[in-house]
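Observations on the three-dimensional arrangement
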Amino acid sequence: MHAVLSNKWRTTSENGRAIFERFAASQRIFVALRLRGRYVEAKRKEDVNHGT
């Protein structure tokens, strides 16, 4: 009984970690996209300023 309980708890914690890692990875991608978008935007403004 105790072994089954601890095994179930371990599975739950591993699932939780997998979900958290997936969430963290998606957050990292989201932040990277936002940073890249900001960089592209700044670069475009820079190009426009140089163009005039």
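Here, the structure is the one placed above.
Computed from a predicted structure; not experimentally measured. (Residues numbered from 1 in each chain as written. Predicted model: local features only at pLDDT ≥ 70, side-chain atom pairs only at ≥ 80, totals over all residues. Heavy atoms only, no water.)

What the protein chain contains, in helices and strands, is one helix and zero strands. For the protein chain, with 52 residues in total, the buried portion stands at 0%. A total of about 5200 Å² of accessible surface is found on the protein chain, and carbon and sulfur atoms cover 63% of it. (Helix = DSSP H or I, 4+ residues; strand = E, 2+ residues; numbered from the N terminus. Buried < 20%, exposed > 50% of the residue type's maximum accessible area, 1.4 Å probe, protein only. Areas by Shrake-Rupley, 256 points an atom, 1.4 Å probe, with all protein chains shown as cover.)

What follows covers the pattern of salt bridges. Side chains that differ in sign of charge can pair as their charged atoms come close. Counted under the stated rule, the structure contains one salt bridge. Glutamate 41 is the partner of arginine 44 in a salt bridge, and the nearest nitrogen-oxygen pair spans 3.1 Å. On the criterion of helical spacing, the pair formed by arginine 44 and glutamate 41 is a turn pair, its members being three residues apart in helix 1 (residues 2-51). (Salt bridge = Lys/Arg side-chain N within 4 Å of Asp/Glu carboxyl O.)

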